[in-house]
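Chain by chain, the residues run as shown.
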Amino acid sequence: MFFQQLVNGVTLGATYALIALGYTMVYGIIQLINFAHGEVYMIGAFVGLIMVAVYKVNFFIALLAAMAVCIPLAVLIERVAYRPLRNSTRLAPLISALGVSIFLQTLVTLIKGDPNPLGFPHVIQDTVYALGPVKFSLIQVVILIVASLLMVFLEITVKYTKIGKAMRATSEDYETANLMGINVNHVVSFTFAAGAALAAAGGVLVGMYFNSINPFMGVTVGLKSFCAAVVGGIGSIPGAMLGGLLLGIAEVFGVAAGFDTYKEAISFGLLIIILLFRPTGLLGHPIQRKV
Amino acid sequence: MLLAVENLHVSYGGIRALKGISFEVEEGKIVALIGANGAGKSTTLRTICGLVRAQSGRIEYKGTVVNKVPPYKIVGMGISMVPEGRRVFTRLTVLENLEMGAYSRGSSQEAKESLANVFKRFPRLQERKSQLAGTLSGGEQQMLAMGRALMSRPQLLLMDEPSMGLAPMLVEEIFSIIREINNSGTTILLVEQNAHMALSVAGSAYVLETGEIALSGPAAEMADNPEVRKCYLGE
Ligand SMILES: Nc1ncnc2c1ncn2[C@@H]1O[C@H](COP(=O)(O)OP(=O)(O)O)[C@@H](O)[C@H]1O
Ligand SMILES: [Mg+2]
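Residues numbered from 1 in each chain as written. Chains lettered and ligands numbered in written order. Predicted model: local features only at pLDDT ≥ 70, side-chain atom pairs only at ≥ 80, totals over all residues. Heavy atoms only, no water.

## Re the overall build of chain B
Counting secondary structure elements, chain B contains 10 helices and 10 strands. Relative to its length of 235 residues, chain B is compact, with a C-alpha radius of gyration of 17 Å against a globular reference of 18 Å. For chain B, the C-alpha atoms occupy an extent of roughly 45 × 40 × 30 Å along the three principal directions. Among the 235 residues that make up chain B, the fraction classed as buried is 52%. (Helix = DSSP H or I, 4+ residues; strand = E, 2+ residues; numbered from the N terminus. Rg over C-alpha atoms; globule rule 2.2 N^0.38 Å. Buried < 20%, exposed > 50% of the residue type's maximum accessible area, 1.4 Å probe, protein only.)

## Some words on the UniProt feature "transmembrane region" (unreviewed entry) in chain A
Residue and element names in this part refer to chain A. In the numbering used here, UniProt assigns the "transmembrane region" (unreviewed entry) feature to residues 6-26, 61-82, 94-111, 138-158, 187-210, 241-259 and 265-284. Helix makes up 100% of residues 94-111 and strand 0%, with an end-to-end C-alpha separation of 26 Å. Secondary structure within residues 138-158 divides into 100% helix and 0% strand; the distance between the first and last C-alpha atoms comes to 30 Å. (UniProt positions renumbered as here; feature names shortened; annotations may be inferred.)

## Side note on the packing of aromatic side chains
Under the criterion given, the structure shown has 7 aromatic pairs over all chains. Centroid distance tyrosine 209 of chain A to phenylalanine 210 of chain A: 4.9 Å. Interplanar angle 50°. Geometry classified as tilted. For tyrosine 209 of chain A, a relative accessible area of 21% gives the class partly exposed. Taking the centre distance of 5.5 Å and the plane angle of 55° together, the rings of phenylalanine 23 of chain B and tyrosine 206 of chain B count as tilted. With a gap of 183 residues between them, phenylalanine 23 of chain B in strand E2 (residues 15-25) and tyrosine 206 of chain B in strand E9 (residues 204-209) connect regions that are remote in the sequence. When its relative accessible area of 2% is taken as the criterion, phenylalanine 23 of chain B is described as buried. For tyrosine 206 of chain B, a relative accessible area of 15% gives the class buried. (Phe/Tyr/Trp six-rings, centres within 6.5 Å; stacked < 30°, edge-to-face > 60°.)

## Brief notes about the layout of surface pockets
Residues and elements named next belong to chain A. In this structure, the second largest pocket occupies an estimated 400 Å³ of space. Around the second largest pocket, the lining is made up of 21 residues, and of these Tyr16, Phe210, Lys224, Glu251 and Lys263 lie nearest the centre. For the lining of the second largest pocket, the elements supplying multiple residues, two or more each, are helix H1 (2-30), helix H8 (184-210), helix H9 (217-232), helix H10 (237-256) and helix H11 (263-277). Across the lining of the second largest pocket, the residue classes tally to 12 nonpolar, 5 polar and 4 charged. (1 Å grid on protein atoms, 1.4 Å probe; cavity = no way out; pocket = protein on both sides within 12 Å on 5 of 7 lines; lining within 4 Å. Points joined across faces, edges and corners; volume = space filled by probe spheres on them. Nonpolar A, V, L, I, M, F, W, Y, C, P; charged D, E, K, R; others polar.)

## Considering the site of ligand 1
All names here are of chain B. What surrounds ligand 1 is the set Tyr12, Ile15, Ala17, Ala36, Asn37, Gly38, Ala39, Gly40, Lys41, Ser42 and Thr43. Within the side chain of serine 42, an N or O atom sits 2.7 Å from an oxygen atom of ligand 1. Protein chains bury 62% of the 560 Å² of accessible surface belonging to ligand 1 in isolation. Listing elements by their share of the shell around ligand 1, those giving two or more residues are E2 and helix H1 (41-49). Among the elements that take part in the shell around ligand 1, H1 stands out by supplying 3 residues, more than any other. Here the shell around ligand 1 is composed, by residue class, of 5 nonpolar, 5 polar and 1 charged. (Near = heavy atom within 4 Å. Polar contact = N/O pair within 3.5 Å; in protein donor to acceptor, adjacent residues only side chain to side chain. Areas by Shrake-Rupley, 256 points an atom, 1.4 Å probe, with all protein chains shown as cover.)

## Notes on the sheet that holds E2 of chain B
All names here are of chain B. As summarised here, the arrangement of the 4 strands in space is E2-E1-E4-E5, forming an open sheet in which the pairing is antiparallel. The open sheet has two free edges, formed respectively by E2 and strand E5 (64-65), since each of these has just one partner strand. Relative to E5, strand E4 (residues 56-61) runs antiparallel, the two sharing 2 bridges. Among the inter-strand pairings, glutamate 60 is bridged to a residue of E5, identified as valine 65. (Pairing = 2+ DSSP bridges.)

## Some details on the domain arrangement of chain B
Residues and elements named next belong to chain B. Per the domain assignment, the segments making up chain B are domain 1 (1-78 + 155-235) and domain 2 (89-153). In this assembly, domain 1 packs against domain 2 so that about 1100 Å² is buried in total across both faces, 71% of it on carbon and sulfur atoms. Of the charged contacts, one joins arginine 124 and glutamate 173 as a salt bridge, the two residues approaching to 3.2 Å between their closest N and O atoms. Where domain 1 touches domain 2, the interface holds 2 residue pairs in polar contact (both at pLDDT 80 or more). Looking at the side of domain 1 that touches domain 2, the elements with two or more residues in it are strand E7 (156-160) and helix H7 (168-183). The element best represented in the side of domain 1 that touches domain 2 is H7, accounting for 7 residues. The residue inventory of the side of domain 1 that touches domain 2, partitioned by class, reads 10 nonpolar, 3 polar and 2 charged. (Domains from an automatic or database assignment. Buried area = accessible area lost by both parts, 1.4 Å probe. Salt bridge = Lys/Arg side-chain N within 4 Å of Asp/Glu carboxyl O.)

## Some words on unusual backbone geometry
All names here are of chain B. Phi angles above zero are rare outside glycine, and arginine 86 is one such case at about 70°. Structurally, the position occupied by arginine 86 is in the loop between strand E6 (79-82) and helix H3 (94-101). The phi dihedral of threonine 210 is positive, around 35°, even though this residue is not glycine. By relative accessible area, threonine 210 is classed as exposed at 53%.

Pasting the structure below:
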């Protein structure tokens, strides 16, 4: 029972982690809470659904298609809604992000015709593997593998590639990064692109897992993933991964313990408790004042 | 002239930080810009780098006006900065910091050569290349900031208070390195509050007072100037 819940929790947590990474990376670079990130995730889910239901492609093609749509979308959002506000008060891009978020929810509702949920075709068989008393469905295995691969890929990119190093430099000291000859706008675009790719994958995976998607699915999941990013320490990539897993596990155990009605409150409760003890999150960097 | 600054005005909101300063940096020289805290020294260097925009006036580098060039393009033109307070990337390793310094250089072969040169000049950086820059001592961080700036092989090196917060022995070391860097052909614009050391390495000097050039001349003359001795050399 315990291990079964753990498996379910880790699976859910892996999807939160995928989305949390986008919040944390963007925050790390431009100190913006990108409220429209949840909608990028939602659109990823819809693109995945369309590919699978209309074009009858397999799961991997659907995943790639969702990324291919969400990457330019996120880059465009930054270009149009955030970049022009880079030098204004901190509140302005935040409000702009909320605007983009509402715009995208409404746009998808309009195109779809109604706000009701849609089911996801069974592209992955309902096979169940048993490891002793613990059962893994094939879809859980797929989620865990895809999420792990994407996170390893991200980690390698950030750690070893030129753009990844530039990302870390920019997130620590924007101005000095400029002095190095780093075109910070490219780094910002790249960061949005990377976050969007992960969120798009998250959208397709969650859509398949819960077999239901709707134009407002990005709101709750977005908020919870943002909590995960803060729990892990906003700006910290390993922190977002850890925070996502913790929140997923806490939620599944909370529901199993009978707190079903309070499901959504668990993430926020955990957030408050952790921030009380560690204001910068579990793996967050101590607060630095940038001059 | 390698660098010519003419009638430069810079404001932060209502605060007038530079009120029409003019000065020149001749190729191959060390030029010192000295002055008290808040005089506008850092503002001058930051404006040359494009981090701060001039209100009016011109900055000419190798005959080109660079006032409107974005900061990330400045280093590619041959101007490199050692910022005030070192500003190393503390969460990157020493080696990664140096790689960032060569970001604007296209070829990895050039970057390799630059790295070898920097390691030759700062052997301690080589010993600590895999360490996070945040774990270095103040003096080592200053060397890293200097090494990082040299990675782009600048023709003009801007240094903002390289001796700040360092023990006297380290200050000596840093200044002898500054001399060496200059001897190997790099022009230096050196900003210092430590006027004594700055005047000892510089060929010419300017004194900045609340956003205006108060005095200028050959460094040796300046060091003998009674006013300078009184206000900046603590006599
Ligand atoms: N970012 C800023 N915003 C507002 N005022 C500033 C800023 N930076 C510097 N100043 C002001 O400009 C003047 C010159 O500062 P600065 O160039 O840093 O002097 P210095 O480097 O000689 O100590 C000071 O009065 C300082 O308070
Ligand atoms: Mg200064």
